[in-house]
Amino acid sequence: MTATHAAGATHTADATRAVVQEFLAARVAGDTARMVEIFADEVDWLLAENPAVPWIRPRSTGAECAAQSAELAEHTVAEAARASVDTFLVDGTDAVLMGHLSGRVRATGKTIHGAPGPHS
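Residues numbered from 1 in each chain as written. Predicted model: local features only at pLDDT ≥ 70, side-chain atom pairs only at ≥ 80, totals over all residues. Heavy atoms only, no water.

## A closer look at the pairing of strand β4 (residues 94-104)
Taken together, the 9 bridges between strand β3 (residues 82-91) and β4 define a ladder with antiparallel strand orientation. Residue pairing in the sheet places L89 in a bridge with V96 of β4. The hairpin formed by β3 and β4 contains 2 residues between the paired strands, and G92 there has a positive phi angle of roughly 65 degrees. Judged from the 3 bridges that link them, β4 and strand β5 (residues 111-113) form a sheet pairing that is antiparallel. (Pairing = 2+ DSSP bridges. Helix = DSSP H or I, 4+ residues; strand = E, 2+ residues; numbered from the N terminus.)

## Regarding the sheet that holds β3
Read from one edge to the other, the open sheet built from 3 strands follows the order β3-β4-β5, with strand pairing classed as antiparallel. The two strands at the open ends of the sheet, each matched to only one other strand, are β3 and β5. Between one strand axis and the next, the sheet turns by 10 degrees as a mean value, whatever way the strands run. (Axes fitted to C-alpha atoms, helices over the stretch in contact; angles between N-to-C directions.)

## Quick word on the environment of W55
Summarising the element assignment, W55 is placed in the loop between β1 (42-45) and β2 (59-61). For the pair W55 and E74, spaced 19 residues apart in sequence, the C-alpha to C-alpha distance is 9.2 Å. Ignoring anything within four residues of it in the chain, the contact list for W55 reads Q68, E71, L72, H75, T76, V105 and I112. (Contact = heavy atoms within 4.5 Å.)

What follows is the structure, encoded as structure tokens:
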């Protein structure tokens, strides 16, 4: 790898990291309009559809993806919500975040976990 190629790769990874950080900030702030701007117009958000959990479903537009946070808030108790990012990997234009999510479903009072753990 040449120094020029390495510098370009570093610049691309830095730009990717900045976009992900901007998305996370918009998500925490509940800024749906900003999230729509960040997402591409067409996306492949692939989640197994679950009729019992309306916020978990495939999405194909940036607006649908951004709306997921509002749908989640509608069906869960905000005070019980927890999220952490444990790993943030960037390789060029690809980013992977790994962490833990948990909360409480408003309709049932049951706790949900995005990673293996105790369930109530």
